[in-house]
Amino acid sequence: MPFILRRLAFYVVAGWVALTANFFIPRAMPGNAVQAIMSKFPNLQPSAYRAIEAMLGVGHPGSLWHQYVSYLDDVAHFNFGTSVSEYPASVSSLLAQTIPWTLALVGTATVIAFAIGTGLGILAAWRHGGWLDRTLPGLMFLQAVPYFFLALILLEVLAVSLHLFPIGQGYSQTVIPGWNWPFISSAIYHSILPAFTIVITSVAGWMLQMRNVMVTTIGEDYVLAGQAKGLPVRRLVVSYAARNAFLPQLQGFGLALGFVVSGALIMEIVFSYPGIGLLLLSAVSSNDYPLMQAIFLVITFAVLLANLIVDLVIVAVDPRTRSREGAR
Amino acid sequence: MTDLSGRAAARAARAARAAQAGRPAPEPRGSQASPPGSPVLEIRDFSVAYRTPAGDVRAVDHVSIDLRAGEVVGLVGESGSGKSTLAYGAGRLLRPPALITSGQVRYCGRRTVSPADILRMTAEELQRLRWREIAIVFQSAMNALNPVLSVRGQLTDVIRAHLRVSRGEAHDRAARLLDLVGIPRARLRSYPHELSGGMRQRVMIAMALATEPEIVIMDEPTTALDVVVQRDILGQIAELRERLGFSILFITHDLSLLLEIADRIAVMYAGQMLEVGSAGVIQHGPAHPYTKGLLSSFPSLRGPRRELAGIPGSPPDLRHPPPGCPFLPRCGYGTDDCAKVPMTLAPVTGSVPGAGHVTACPFVGPGSPAMPVSAGTEEVAP
Amino acid sequence: MTVALPVTTEQPELSAPPRQLGRWRRLPVHAKVGAVLMGLFVLAAIIGPLVTPYDPSYQNPSPSLSMQPPSAAHLLGTTQSGQDVLSQLLVGIRLTLELALIVGVVATALSVIVGVTAAFLGGFWDEFLSLLSNVFLVIPALPLLIVLLGYLSQRGQTPTILVLSLLGWPWGARLVRAQTMAIRSRDFIAASRETGEKTWRILAFEIIPNQTGLIAASFVNTVLYAIGASVALAFIGVTDLSSWSLGTMLYWAQSQQALQLGAWWWFAPPGLAVALMGTALVLLNTGIDELGNPRLRDAAGAVPGGRRVRPTDPTPVLLAEPPRRSRLGGFLRAFSRSSLLDSDAAAGRPGGSWPGRPGGWRPGRPGDGENGGDLR
């Protein structure tokens, strides 16, 4: 129990740091933001400067502490302000439209990649010199390839040249969004290529990591002891080696989530997939600061939540975390 | 005698039925109990090498040793002498880059029909042999126990791997094993990190005895424990041996310990066997200079005070073993002839024939004068 | 006195005398490939911009030169506005590599400082710095980078470098701290302390040199991260769009619909350059890892005969005769070049027997062999 509580406290602190950074950054360097918005609407009076400052929250009505508290209050109510690029849509409504797409795509693809990668890693560690080992250099190449580049290649080859898959978008323009089968099937069809990209690029990483952890674990005394006990190989691999190797692997998963999500967002841009990534692109190009900041917060909290879930899984799998003497 | 498996009871029942029917009691199959003193493990001319990019390391060099039914053989030597390599290699538990380059390891226990060479067994045969016949108690129980399995899980693992019992019976048996080593049954549900050092070691011992093996190899089982617990554990081991009748190969660097608990002692150095003899003979009449040096390296609680001599120098580099006797650079009796000695074990002059006291040093015996303190002097034993 | 037995002086020949294998030699093959590859890129970065055939920013408005596939005049084709892709690529490699290396140095230096400080000061500072590292590790870097850069008034190289370094040190710092604490508790440090060596000397001459492998791996990793992050940021358009980094090239390619228009020569070269640089670094890193962790190397390399082995296979045995029907027969062939085989097997040890085979070994009788007899 103390383990989970400590982790929870940590996530609260991390979340607070993110919130506070988000609060202070615009106040620390406001010049650019306001100028940028002013330049977009050339008909504005100079007096609008103040109004924009207020909208961005960078003006100085009331004390800093007062602003901070009302900021936190806003965040708690999912009030992220008004979007500049899609005026007058509220930021939270924009987010609400795009988050489900990203969640569905990136969430499932990442979990699938992790499962496959971990399984392959166990196999690769167990059979040295097998064909899996020979794929390692190729996998290392894949791991180094930025997600979006592979996306570009796959799009080029499979979609543009071979016309096997649609060239991006979330769903075909001819269907009506909603809970109907044509829409859902179109959505699935359109998400195959992006999901495939995510899986291919990240599988290599998980596999290499699991293989390395497994190799270290197999060298541990208790695996040798298990061998000396004449246990069947299956039991050795699963309960002695893999189950112990899985713990560092899970921790690595938690740590890598930030990178995975970031990479996936960029990849969404390549596919023009209607997720957060595309939103981010338009936010940046139009200097839509409220939107940019809100996306940062949302992504951060999503990653923190996912990490918490991973920690819960660790508690379930590792008995050392459950007892009072568990060393962490 | 603890009847862990219920076999004795079954046998008695069969005999009773046979008697009822007027038939002679049936002979249990293949259970010609090895007559005490007959060898259960015979290691002959055993060599192990490690292949490294910088050359082959001869960790064990043409070593032979026997283990007989019901006896305790102590294997003593410094770190790197090859004693652990010998024991693990005999069970083929060493991992690459280790390679067994010569020898035979014949096992003949109560349950085997006829002797079999471990080095020529297939993996499946080995799996059946392991633990059931030859069990190991590892040095560090914290490392040798699987951290994610409970004590009961690890015990039943090994029970069900070798015995055809139901899950309930396996649990039962596990509980009785804990009773055997004096651990409360509630600890079945504990995980290794929740146990104290002594308790963990006792769990290891219980695990080793789970399938009533013929041989238990103990690899420095008490080195990591404090003296009080050490005494405790050793007492437990002695008692269990009385009850269950297995043989022990006790590996340690602590000769003084072996003098108390071992029947016979084998002294190893730089991968070679230097001397083998009964504990009494080794203690009072050691033949090899190295053994003499070892004995003079620790004080005794009783007896007159004397100066501790120790053995200066360090073991040789096993990638380039020197010709002849590896102990030569550190031996007070060493001469040039020592470099030409074939390292064979021959009976010690003046020993009782049949006592089995052998040494690899043809020049020095129990009667030789005390070892000169400085190594490499020209003094030669008469 | 025991009689000396007839003596044979020769010992079985061991394999070749040991070579002092230098660090380079010991690197596995794929790490060397990585190093060479990286070297090529560094070379390109240094001399590339000096040999560009055209000015990368020069826009040629003539439509006949827009989006042309590779030709003799333009080895890698042209962009939408008639710029030479090859020139842009060469300049881009230098810019990207420059940035990544600087970030690598700064971030690694920071991580070493923080890690060692945390490990040495202990107590509150250790807790605080560790917490800081962990927080920055868990917060996703890219969105934060975007927000930070978005608000900065300039978006050139320097701010990018600063911002990337700011988020790049925690990963290495954790490792350095863990390693420092492990080394610190080792005896030779205590010995140095006892002899009165000053703390900074201990740090500089004993602790840090012991971590060179770790620091090297950390540096390589940081450079990898910097390349990926800077390219990603440029791709989104958050960094300075007037400088020709690889990411900027990709940004323009993307925004000008190069993909849909089939102008693969525009986005493939920069993307490949990034991918290859990344691969080179990953390979290098794996090599450094294997140098430091011998188990990984043994797993990859030292397998007898190179046959497929499972870790739980029984220890292989050199046999004078092949046993029946088992995998071990394969090992025999693999060892035909072994000197050990020649010496030992040639001596012809008699084979053992398995139950049932005639001519086997008889069980010893009590009294037999008690003398030791011929135990050879």
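About the thresholds
Residues numbered from 1 in each chain as written. Chains lettered and ligands numbered in written order. Predicted model: local features only at pLDDT ≥ 70, side-chain atom pairs only at ≥ 80, totals over all residues. Helix = DSSP H or I, 4+ residues; strand = E, 2+ residues; numbered from the N terminus. Buried ≥ 20, exposed ≤ 12 C-beta atoms within 10 Å, placed from the backbone. Contact = placed C-beta atoms within 7 Å. Expected span 1.5 Å × (residues − 1). Core = buried A, V, L, I, M, F, W, Y, C linked by C-beta atoms within 7 Å. Domains from an automatic or database assignment. pLDDT = per-residue confidence, 0-100. Axes fitted to C-alpha atoms, helices over the stretch in contact; angles between N-to-C directions. Left-handed = near helix turned anticlockwise from the far one by under 90°. Nonpolar A, V, L, I, M, F, W, Y, C, P; charged D, E, K, R; others polar. Pairing = 2+ DSSP bridges.

### Considering the overall build of chain A
(1) Moving on: Counting secondary structure elements, chain A contains 13 helices and 0 strands.
(2) Moving on: Starting at the N terminus and walking to the C terminus, you meet the elements of chain A as α-α-α-α-α-α-α-α-α-α-α-α-α.
(3) Moving on: Here chain A holds 328 residues, and 44% of them are scored as buried.
(4) Moving on: By sequence separation, contacts in chain A at least 24 residues apart represent 70% of the contacts at least 6 residues apart.

### Looking at the overall build of chain C
(1) Moving on: Tallying secondary structure elements over chain C gives 14 helices and 0 strands in all.
(2) Moving on: Counting helices and strands in the order they occur from the N terminus, chain C gives α-α-α-α-α-α-α-α-α-α-α-α-α-α.
(3) Moving on: Buried residues in chain C amount to 41% of all 376 residues.
(4) Moving on: Sequence separation of 24 or more characterises 71% of the internal contacts of chain C that already satisfy a separation of 6 or more.

### So, helix α4 (residues 64–76) of chain A
(1) Moving on: Taking 1.5 Å per residue as the helical rise, α4 of chain A with its 13 residues ought to reach 18 Å, and the 18 Å between its terminal C-alpha atoms agrees with that figure.
(2) Moving on: F78 of chain A, located one to two residues past α4 of chain A, shows a positive phi value of around 60°.

### Focus: unusual backbone geometry
Residues and elements named next belong to chain B.
(1) Moving on: Despite not being glycine, D45 shows a phi value in the positive range, around 55°.
(2) Moving on: Relative to the elements of secondary structure, D45 occurs in strand β1 (residues 39–52).
(3) Moving on: One non-glycine residue, R92, adopts positive backbone phi at about 55°.

### What about the nonpolar core?
(1) Moving on: Core analysis: the largest hydrophobic core is formed by 277 residues, its most contacted members being I295 of chain A, A206 of chain B together with L145 of chain C.
(2) Moving on: The element that contributes the greatest number of residues to this core is helix α11 (residues 233–271) of chain A, accounting for 18 residues.
(3) Moving on: In this structure, this core is formed jointly by two domains, domain 1 (8–262) and domain 2 (286–375) of chain B, each of which donates at least three residues.
(4) Moving on: With residues near it in sequence (within four places) discarded, A206 of chain B still touches L155, L177, L178, L180 and V181 of chain B.

### Describing the confidence of the model for chain A
(1) Moving on: Counting all residues, the mean pLDDT for chain A is 80, and 85% of those residues have values of 70 or more.
(2) Moving on: Mean pLDDT in chain A bottoms out at helix α3 (residues 48–56) of chain A, which sits at 62, and peaks at helix α10 (residues 221–228) of chain A, which reaches 90.

### Brief notes about the packing of helix α5 (residues 151–162) of chain B against helix α6 (residues 167–181) of chain B
All names here are of chain B.
(1) Moving on: Between α5 and α6, the shortest axis-to-axis distance is 9 Å and the interhelical angle comes to 115°. The hand of the α5/α6 crossing is right-handed. For the pair α5 and α6, contact is made by R152, L155, T156, I159 and R160 and by A170, H171, R173, A174 and L177, respectively.
(2) Moving on: When grouped by side-chain class, the residues that make up the contact of α5 with α6 number 5 nonpolar, 2 polar and 3 charged.

### Overview of the interface of chain C and chain A
One widely used convention gives an interface's size as the accessible area the parts lose upon coming together.
(1) Moving on: Contact residues are listed per partner, giving 51 residues for chain C and 58 residues for chain A.
(2) Moving on: Elements with a contribution of two residues or more to the side of chain C that touches chain A: α4 (123–138), α5 (141–151), α9 (212–236), α11 (264–292) and α12 (294–300) of chain C.
(3) Moving on: The dominant element in the side of chain C that touches chain A, judged by the number of residues it contributes, is α11 of chain C, at 11 residues.
(4) Moving on: In the side of chain C that touches chain A, the residues fall into 33 nonpolar, 14 polar and 4 charged.

### Examining the sheet that holds strand β7 (residues 215–219) of chain B
Residues and elements named next belong to chain B.
(1) Moving on: Across the sheet, which stays open at both edges, the 8 strands sit in the order β6-β7-β8-β3-β9-β10-β12-β11 with mixed pairing between neighbours. Strands with a single pairing partner mark the edges of an open sheet, and in this sheet they are β6 (134–137) and β11 (346–347).
(2) Moving on: Looking at chain direction, β11 and strand β12 (residues 358–359) are connected through 2 bridges and run antiparallel. For P347, the partnering residue across the bridge sits in β12 and is V358.

### Describing the sheet that holds β1 of chain B
Residue and element names in this part refer to chain B.
(1) Moving on: Taken in spatial order, the 4 strands make up an open sheet running β2-β1-β4-β5, and their pairing is antiparallel. Unpaired on one side and paired on the other, β2 (55–68) and β5 (116–117) mark the two borders of the sheet.
(2) Moving on: Two elements, strand β4 (residues 98–107) and β5, share 2 bridges in a ladder whose sense is antiparallel. Note that in β5 the partner of Y107 across the bridge is A116.
(3) Moving on: Of the strands in this sheet, β1, β2 and β4 are in contact with helix α2 (residues 83–90), which crosses β1 at around 110°.

### A word on the pairing of strand β10 (residues 272–278) of chain B
All names here are of chain B.
(1) Moving on: Taken across its 7 residues, β10 has 6 buried, putting it largely inside the fold.
(2) Moving on: For strand β9 (residues 264–269) and β10, the ladder comprises 6 bridges, and the chain directions are antiparallel. Within β10, the position partnered with V267 by the bridge is E275.
(3) Moving on: Counted between consecutive antiparallel strands, the loop separating β9 from β10 contains 2 residues, among which A270 sits at a positive phi close to 50°.
(4) Moving on: As defined by bridge partners, β10 adjoins β12 across 2 bridges and the pair is classed as antiparallel. Bridge pairing links V276 to V358 in β12.

### Re the pairing of β2 of chain B
All names here are of chain B.
(1) Moving on: Most of β2 sits inside the fold, with 13 of its 14 residues counted as buried.
(2) Moving on: Bridge analysis of β1 against β2 gives 10 bridges, and the strand direction is antiparallel. Pairing of I43 across the sheet is with I65, part of β2.
(3) Moving on: Between β1 and β2, which pair antiparallel one after the other, the connecting turn spans 2 residues.

### Describing the packing of helix α5 (residues 91–126) of chain A against helix α9 (residues 181–218) of chain A
If you want to describe how two helices pack, look at the angle between their axes and the distance between the axes.
Residues and elements named next belong to chain A.
(1) Moving on: Following both chains from N to C, one finds α5 and α9 inclined at 35°, their axes separated by 6 Å at the closest point. As α5 runs across α9, the sense of the crossing is right-handed.
(2) Moving on: Looking at side-chain class alone, the contact of α5 with α9 contains 22 nonpolar, 9 polar and 1 charged residues.

### Brief notes about the environment of L291 of chain A
Residue and element names in this part refer to chain A.
(1) Moving on: The residue L291 is located in helix α13 (residues 289–317) in this model.
(2) Moving on: When the 26 C-beta atoms within 10 Å are taken as the criterion, L291 is described as buried.
(3) Moving on: A sequence separation of 199 residues divides L291 from S92, and the C-alpha atoms of the two residues are 8.6 Å apart.

### What to know about the environment of A31 of chain C
Residues and elements named next belong to chain C.
(1) Moving on: Tracing the backbone shows A31 in helix α2 (residues 29–47).
(2) Moving on: Overall, A31 belongs to the buried group, with 22 C-beta atoms counted inside 10 Å.
(3) Moving on: For the pair A31 and V223, spaced 192 residues apart in sequence, the C-alpha to C-alpha distance is 16 Å.

### Points about the environment of T315 of chain C
(1) Moving on: If you trace the backbone, T315 of chain C turns up in the loop between α12 and α13 (328–334).
(2) Moving on: In sequence terms T315 of chain C and Y225 of chain C are 90 residues apart; their C-alpha atoms lie 42 Å from each other.

### Observations regarding the confidence of the model for chain C
Residues and elements named next belong to chain C.
(1) Moving on: Looking at chain C as a whole, the pLDDT averages 69, with 65% of positions reaching at least 70.
(2) Moving on: pLDDT under 50 marks residues 1–21. Its contacts with residues more than four places away, or in other chains, come to 36 contacts.
(3) Moving on: Per-residue pLDDT stays below 50 along residues 322–326; that stretch engages in 6 contacts with residues further than four places along the chain or on separate chains.

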